[in-house]
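# Working through the structure, step by step
This is what each chain is made of:
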2 protein chains.
Amino acid sequence: MSKKEDILKAATLLFATNGFKDTSMAELAHMTGAASATIFYHFKSKEELFLSVLSSVKDGILDEFSHYFGEKKFANGLEMLEGTVSFYLYLAGNKAEWFLLLHRYYPYKLAKENNACRHSLEDIYNCFVDIFEKALVQGQADGSIGKLSPRKTALLMLSTVDGIVRFKNCDLYDAGALYNELIATIRRMAANRNQKI
Amino acid sequence: MSKKEDILKAATLLFATNGFKDTSMAELAHMTGAASATIFYHFKSKEELFLSVLSSVKDGILDEFSHYFGEKKFANGLEMLEGTVSFYLYLAGNKAEWFLLLHRYYPYKLAKENNACRHSLEDIYNCFVDIFEKALVQGQADGSIGKLSPRKTALLMLSTVDGIVRFKNCDLYDAGALYNELIATIRRMAANRNQKI
DNA sequence: AGCCTAACTGACTGATCAGTTAGTTTTTAC
DNA sequence: GTAAAAACTAACTGATCAGTCAGTTAGGCT
């Protein structure tokens, strides 16, 4: 792996665990075995480094979801919905640093004045919401899911699942212990009242 | 108001909007018209100031909820549940700085090594979850809410509502536009399948 | 008045930080 | 082989920061 990639990977971890301001370029340099000037050779400023990190996280998330939903086939919309929740939780455990980063306030604050940052965040959240929405639309077509606004319900479901991930990342509550209830709740949220579920 | 209270109030706003590290004692001093040494006279360190802020936020939240639920009477558990969601959203708008602070990562990180911080956060989240749980238990008793684990469902509902508030605070999605859908979703989550809702 | 204490302050300090400069080493291309 | 370009670095800088110190001021009590 190139030194630039090393730096990006270490920076992702540091920004995720310590935040933007609490990550020092000296610390990052020491961690990667590079001189701090090397970091400024590859990334012109700390903020640009952060933007690169966020962009690579965006690429990672979009890749992961497109791979999962490219291979996996679902019997109906409700099953796709459950698959989405499961995969979101799996990813939040497997790539914890991505979600830690997204659960910090700094990216959203930066997004207010920086277009690149805003676009990365929009891509990420659109990816999340779109998949929930697709499952809901499919489920309404095949009858496994009841009548409701797909976009808004997708947002509410993302809110629920992401909230649980945040609770876990903040050490407030254990996500694993809530898994069964979460799936059951999502089913109830999507319930088609015309059939037994 | 005493200067100490002035400092605490301004610090709450600054910590909420800029975070811990990005709030400078000099800025806080200038904002309150005090010398920076005055802040250190009242609070022995920046961290202790933050703990005082968090503790006062905790007191504020506990007060607000105890007043609301002390006065208000509900016909049944389901109505209490809706009242809880509405009041949570109202408070998130009216006391935005409290929720901005709670949606930052710093408090949770500090909580891992500081008992006072951990206890404040526990008090706040127990208050939230307890009220949702109480509504669910009452609703199960009066038949307005179906059979489900009250504690876990309370957590999931808090996760949904708080997630929406976070989306709003991060400028991702508008909470107001989702209000009707949110209430409808909460009703579906709590649904008693034995009766029309 | 005199005294005590709590509230407050201006001026300072040492540490840390992001970023620069001027230069060296390594890789690439011919 | 060599020249140019890319990768890298040690040493430095100016700014900012939390926190200190040596005092001054204001108000209550006898």
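Residues numbered from 1 in each chain as written. Chains lettered and ligands numbered in written order. Predicted model: local features only at pLDDT ≥ 70, side-chain atom pairs only at ≥ 80, totals over all residues. Heavy atoms only, no water.

What surrounds DNA strand D is a group of 14 residues, the closest being A:Thr38, A:Tyr41, A:His42, B:Met25 and B:Lys46. Sugar plus phosphate, as a fraction of atoms of DNA strand D within 4 Å of the protein: 68%. Here A:Thr38 contributes a side-chain N or O atom positioned 2.7 Å from a phosphate oxygen of DNA strand D. Of all the secondary structure elements, the ones that give two or more residues to the surface near DNA strand D are helix H3 (36-42) of chain A together with helix H3 (36-42) of chain B. The element best represented in the surface near DNA strand D is H3(A), accounting for four residues. Residue classes in the surface near DNA strand D are distributed as seven nonpolar, five polar and two charged. (Near = heavy atom within 4 Å. Polar contact = N/O pair within 3.5 Å; in protein donor to acceptor, adjacent residues only side chain to side chain. Helix = DSSP H or I, 4+ residues; strand = E, 2+ residues; numbered from the N terminus. Nonpolar A, V, L, I, M, F, W, Y, C, P; charged D, E, K, R; others polar.)

Here the focus is the domain arrangement of chain A. Residues and elements named next belong to chain A. When its domains are assigned, chain A resolves into domain 1 (1-44) and domain 2 (47-189). Surface buried jointly by domain 1 and domain 2 totals about 1,200 Å² across both partners, of which 77% is contributed by carbon and sulfur atoms. Where domain 1 packs against domain 2, one counts one salt bridge. Between Glu48 and Lys44 there is a salt bridge; the shortest N-O distance is 3.9 Å. Seen at the junction of domain 1 and domain 2, the total is four residue pairs in polar contact (both at pLDDT 80 or more). When residues of the side of domain 1 that touches domain 2 are traced back to their parent elements, those giving at least two are helix H1 (3-18) and helix H2 (25-32). Broken down by element, the residue count for the side of domain 1 that touches domain 2 peaks at nine residues, all from H1. Of the residues contributing to the side of domain 1 that touches domain 2, the split by class is 11 nonpolar, four polar and one charged. (Domains from an automatic or database assignment. Buried area = accessible area lost by both parts, 1.4 Å probe. Salt bridge = Lys/Arg side-chain N within 4 Å of Asp/Glu carboxyl O.)

The next subject is helix H5 (residues 77-94) of chain B. Every α-helix winds through 3.6 residues per turn, so residues three or four apart in the chain are directed the same way. All names here are of chain B. The end-to-end C-alpha separation of H5 is 25 Å, in line with the 26 Å expected for 18 residues at 1.5 Å each. The buried fraction of H5 amounts to 13 of the 18 residues, a majority that puts the element mostly inside the structure. The opening residue of H5 is Asn76, an N-cap whose side-chain oxygen sits 3.1 Å from the backbone nitrogen of Leu78. (Expected span 1.5 Å × (residues − 1). Buried < 20%, exposed > 50% of the residue type's maximum accessible area, 1.4 Å probe, protein only.)

Attention shifts here to the packing of helix H8 (residues 115-142) of chain B against helix H9 (residues 150-169) of chain B. Residue and element names in this part refer to chain B. Relative to each other, H8 and H9 sit at 120 degrees, their axes nearing to 8 Å. In terms of axis orientation, H8 runs oblique to H9. As H8 packs across H9, the resulting crossing turns out to be right-handed. Of H9, the residues touching H8 (which contributes Tyr125, Asn126, Phe128, Val129, Asp130, Phe132, Glu133, Leu136, Val137 and Gln140) are Pro150, Arg151, Thr153, Ala154, Leu155, Met157, Leu158 and Val161. For the contact of H8 with H9, the residue count by class is 12 nonpolar, three polar and three charged. (Axes fitted to C-alpha atoms, helices over the stretch in contact; angles between N-to-C directions. Parallel < 35°, antiparallel > 145°, perpendicular 65-115°, else oblique. Left-handed = near helix turned anticlockwise from the far one by under 90°. Contact = heavy atoms within 4.5 Å.)

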